[in-house]
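# Tertiary structure, described
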Amino acid sequence: MGNVQEYKCPCCGGAIHFDSAIQKMKCPFCDTEFEMEALQGYDEALNQEQSDEMVWDTSAGSEWGEGETNGLRTYQCQSCGGEIVGDESMAASACPYCGNPIVVTGQFSGALKPDFVIPFKLDKKAAKAGLMHHLSGKRLLPKVFKDQNHIDEIKGVYVPFWLFDTEADADIRYRATKVRTWSDKNYNYTETSYFMAGRSGSIGFTRVPVDGSTKMEDDLMESIEPFDFKEAVPFQTAYLAGYMADKYDVSAEESIARANERVKRSTEDNFKSTVTGYTSVTTEQSSVRLHDGSAKYALYPVWILNTTWNGKQYRFAMNGQNGKFVGDLPLDKKAAQTWTIGLSAVFAAAAYGVSWLLWLARII
Amino acid sequence: MKRTGSKLIGMAAAGLLAVSAFSTVVYAAEGFSSEYERFLDTAYLLSDAEQDEITELLDELSERQKMDVTIATVNNLDGYSSIEACADDLYDYCNFGYGPDRDGLMFVISMEEREWHISTCGYGITAFTDAGIQYVGGQMLDSLADGDYAQAFRTYAACCDDLIDQARAGHPFDEGDAPRKAMSPMVPLICIVIGVVLGVAVVQGMKAQLKSVRKERAAANYVRPGSMNLTGKQDLFLYSHVDRVKKETKSSSGGGGGSSTHTSSSGTKHGGGGGKF
């Protein structure tokens, strides 16, 4: 007796057997019929599946040279406990995260020396202009919020980022469909054909950034991406003059998960773009294996402003390099209500006007 | 044909006699070759008083409009294959019509078949388009169905008056002229729903402006340019499904309006149309 080969239905997952009447494979559960070759190919692809393999070398940053940190001081916020780094001449005395006073706690020590820094390119004036622009043209923003902003407290902070380089090998299986429609005298027909599209190959990523500070929300930092690494320079303490710097408190190892997530997603997206000629393409299964992964430690320039309004904290951030300004804003619920009612009335009236014209023109 | 023709004249004459006994008005007006009453109630649908009223109404209207506006009621088609042929022959044999073109029209209802028909002739063909005839029939339909024939005939006279006026003014009633049914009360409701949906959508858009912090989905900005290398590619057809949906049957609308004509057994050109009641 030969081996009894059992196939899984690509449509519903049930076990399929050969239907001798139609000389085809047929799923007893969903009644879908298959060519033998299709099932064999699908089965092979299923058997070749590999799991993800994401290994990195995370030895980023370097040790500080002797005397290099002499001019650096550590400051601590009395309120939120945030620890930041500045040079000894730093004028600011408020915590960039919560706005409360900060005090010098002593000579800077410990932590790694960043590999790179992207110096601030936009000054405080630009940051203020960015905020004003960010607040303008938003009809549902409470008016008082604009007026009550302590715009002068906007601060330039160097935020620690881990930058990940990697090569990715991928085997991805996509489920694709083609839809064909036609009609005869009595019926409209829609034929949906299902395909398996397998893609394998490699792709490289450079300097995928992951925020290394717990004080900075990851989504806020990802929102002001991208930073242009071409303008990065090897780190020197001189760049910190006049600005604050945050020390990383999330290690490179801990940051990898986020980098992996983004790399995997991008790999799937990129190979998906080679699956063409279909009506829809969805990723069914993917195996992404990383190699030659390495991490670097860099400081990126960010302008941040914290505001408390109606008991809730709002934090704005501006990319200190390209000026991209983000920050969620409060909603004026009453204005939203007024607008909803007003606009609904206007649109309803317009719709009625149009239908009346259509009625006159005998279209409806 | 001759036989049935004379039979009809017999019918008509009977109607004439029945009517003329009570109607003393005799028209010998210019252009009309009036031998028969304009209202021939051979099915005896109306009371005597109503017969007089309708006859007077039709006479006045016909005189004024210089067109024979006539009505005949029959019990059955009496050997005629269609009510159209019956109506045409009645009109022709009664010698209705004004002037050389025999301008006019005749409304015939046959009680057994419960059919009505309007036969037009001469200028009547121009004035009463197919759509116009259906309009007149539609106006009468309720009264006919209820058995209120006198009211139906009053409506007929009024509609004919209007349609002839309209035709004389240069625009015969045709497709698209039918008075519109009022807009469905659903329309304002639907408009309100559309308004609310759009209003909420726009406000949602305005709310979305307030939110600018969101996670990056992927790392598209950090793909090393030109680093992508596709080494394996396999596209395999698995299976297909066919769904079919029954088409909605749409009744096709007729041609571009106007009046359709045919030639009656006596060789006269008639227009006309009709229906059931």
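Just so you know, these numbers come straight off a predicted model, no measurement behind them.

## Description of the overall build of chain B
Within chain B, the regular secondary structure consists of seven helices and seven strands. Counting only residues that meet the buried cut, chain B has 38% of its 277 residues in that class.

## Observations regarding the overall build of chain A
Check the secondary structure of chain A and you find six helices and 16 strands. Looking at chain A residue by residue over its 364 residues, the buried ones come to 35%. The long-range fraction of contacts in chain A, counting pairs at least 24 apart against all pairs at least 6 apart in sequence, stands at 71%.

## Quick look at the nonpolar core
All names here are of chain A. Core analysis: the biggest nonpolar cluster contains 81 residues, and Tyr158, Val159, Trp162, Ala245, Tyr300, Val302 and Ala317 have the highest contact counts within it. Considering each element in turn, this core owes the most residues, 12 residues, to strand E10 (residues 155-183). When we break this core down by domain, the ones giving at least three residues each are domain 1 (1-48) and domain 2 (54-168 + 199-331). Among all residues touching Ala317, those that are not within four sequence positions of it are Leu220, Ile224, Val302, Trp303, Ile304, Val326 and Gly327.

## So, the interface of chain B and chain A
Counting residues at the interface gives 53 residues for chain B, matched by 67 residues for chain A. For the side of chain B that touches chain A, the elements supplying multiple residues, two or more each, are helix H7 (186-210) and strand E5 (229-246) of chain B. At 18 residues, the largest contribution of residues to the side of chain B that touches chain A is made by E5 of chain B. Residues that form the side of chain B that touches chain A fall into these classes: 27 nonpolar, 13 polar and 13 charged. Here 16 bridges tie strand E11 (residues 187-211) of chain A to E5 of chain B, and the two strands are oriented antiparallel to one another. Bridging from a neighbouring strand, Ser200 of chain A pairs with Gly232 of chain B of E5 of chain B.

## Focus: the pairing of strand E4 (residues 115-121) of chain B
All names here are of chain B. The buried fraction of E4 amounts to six of the seven residues, a majority that puts the element mostly inside the structure. Pairing of strand E3 (residues 104-110) with E4 involves seven bridges; the strand directions are antiparallel. What sits directly across from Phe107, in E4, is Ile118. Hairpin connection from E3 to E4: four residues lie between these consecutive antiparallel strands, with Arg114 at a positive phi of about 50°.

## A closer look at the sheet that holds strand E2 (residues 68-74) of chain B
Hydrogen bonds between backbone groups are what pair the strands of a sheet, and the pairing can be parallel or antiparallel. Residues and elements named next belong to chain B. Taken in spatial order, the six strands of this open sheet run E1-E2-E3-E4-E7-E6, and their pairing is mixed. At either margin of the open sheet sits one strand with a lone partner, and together these are strand E1 (39-41) and strand E6 (261-263). On average, adjacent strands in this sheet sit at an angle of 25° to one another, irrespective of strand direction. Bridge analysis of E4 against strand E7 (residues 269-276) gives seven bridges, and the strand direction is antiparallel. From the neighbouring strand, Ile118 faces E7, where its bridge partner is Gly273. Each of E2, E3, E4 and E7 is contacted by helix H3 (residues 83-93), which is oriented at about 45° to E4, the strand it contacts most.

## With respect to the sheet that holds strand E4 (residues 33-34) of chain A
Residues and elements named next belong to chain A. Reading across from one edge, E1-E2-E3-E4 is the order of the four strands in this open sheet, with antiparallel pairing throughout. The open sheet has two edge strands with one neighbour each: strand E1 (7-8) and E4. In the sheet, E1 pairs with strand E2 (residues 15-19) via two bridges, with the strands oriented antiparallel. From the neighbouring strand, Lys8 faces E2, where its bridge partner is Ala15.

## Some details on the packing of helix H2 (residues 48-65) of chain B against helix H6 (residues 149-168) of chain B
Residue and element names in this part refer to chain B. As a packed pair, H2 and H6 sit with axes 10 Å apart at the nearest point and diverge in direction by 5°. One finds that H2 runs roughly parallel with respect to H6. Contacts between H2 and H6 involve Glu50, Ile54, Leu57, Leu58, Leu61 and Gln65 from the first element and Ala150, Phe153, Arg154, Ala157, Cys160, Asp161 and Ile164 from the second. Residue composition of the contact of H2 with H6, grouped by class: nine nonpolar, one polar and three charged.

## Looking at the environment of Ile256 of chain A
Residues and elements named next belong to chain A. Note that Ile256 resides in helix H5 (residues 252-272). Spatially, the C-alpha atoms of Ile256 and Val210 are 7.9 Å apart, while their sequence positions differ by 46 residues. Ignoring any residue separated from it by four or fewer positions in sequence, one finds Ile256 in contact with Trp56 and Thr58.

## Topic: unusual backbone geometry
Both trends apply: most residues other than glycine have a negative phi, and most peptide bonds are in trans. Cis peptide bonds are those with omega within 30 degrees of zero, and the linkage from Glu225 of chain A to Pro226 of chain A qualifies with 0°. Among the secondary structure elements, Pro226 of chain A is positioned in the loop between helix H4 (218-223) and strand E12 (233-234). Even without a glycine there, the phi angle at Asp31 of chain A is positive, about 65°. In this fold, Asp31 of chain A is placed in the loop between strand E3 (24-26) and E4. The class for Asp31 of chain A is exposed, based on 11 C-beta atoms found within 10 Å. Backbone geometry places Asn95 of chain B, a non-glycine residue, at a positive phi of 60°. You can see Asn95 of chain B is positioned in the loop between H3 and E3.

## Comments concerning H3 of chain B
Residue and element names in this part refer to chain B. For H3, the buried fraction is high: 11 of the 11 residues fall into the buried class. Within H3, the full set of buried residues consists of Ile83, Glu84, Ala85, Cys86, Ala87, Asp88, Asp89, Leu90, Tyr91, Asp92 and Tyr93. Taken from the residues just after H3, Asn95 is the one with a positive phi, measuring 60°.

Procedures and definitions
Residues numbered from 1 in each chain as written. Chains lettered and ligands numbered in written order. Predicted model: local features only at pLDDT ≥ 70, side-chain atom pairs only at ≥ 80, totals over all residues. Helix = DSSP H or I, 4+ residues; strand = E, 2+ residues; numbered from the N terminus. Buried ≥ 20, exposed ≤ 12 C-beta atoms within 10 Å, placed from the backbone. Contact = placed C-beta atoms within 7 Å. Core = buried A, V, L, I, M, F, W, Y, C linked by C-beta atoms within 7 Å. Domains from an automatic or database assignment. Nonpolar A, V, L, I, M, F, W, Y, C, P; charged D, E, K, R; others polar. Pairing = 2+ DSSP bridges. Axes fitted to C-alpha atoms, helices over the stretch in contact; angles between N-to-C directions. Parallel < 35°, antiparallel > 145°, perpendicular 65-115°, else oblique.

Spatial relationships are all this shows, so hold off on functional conclusions.
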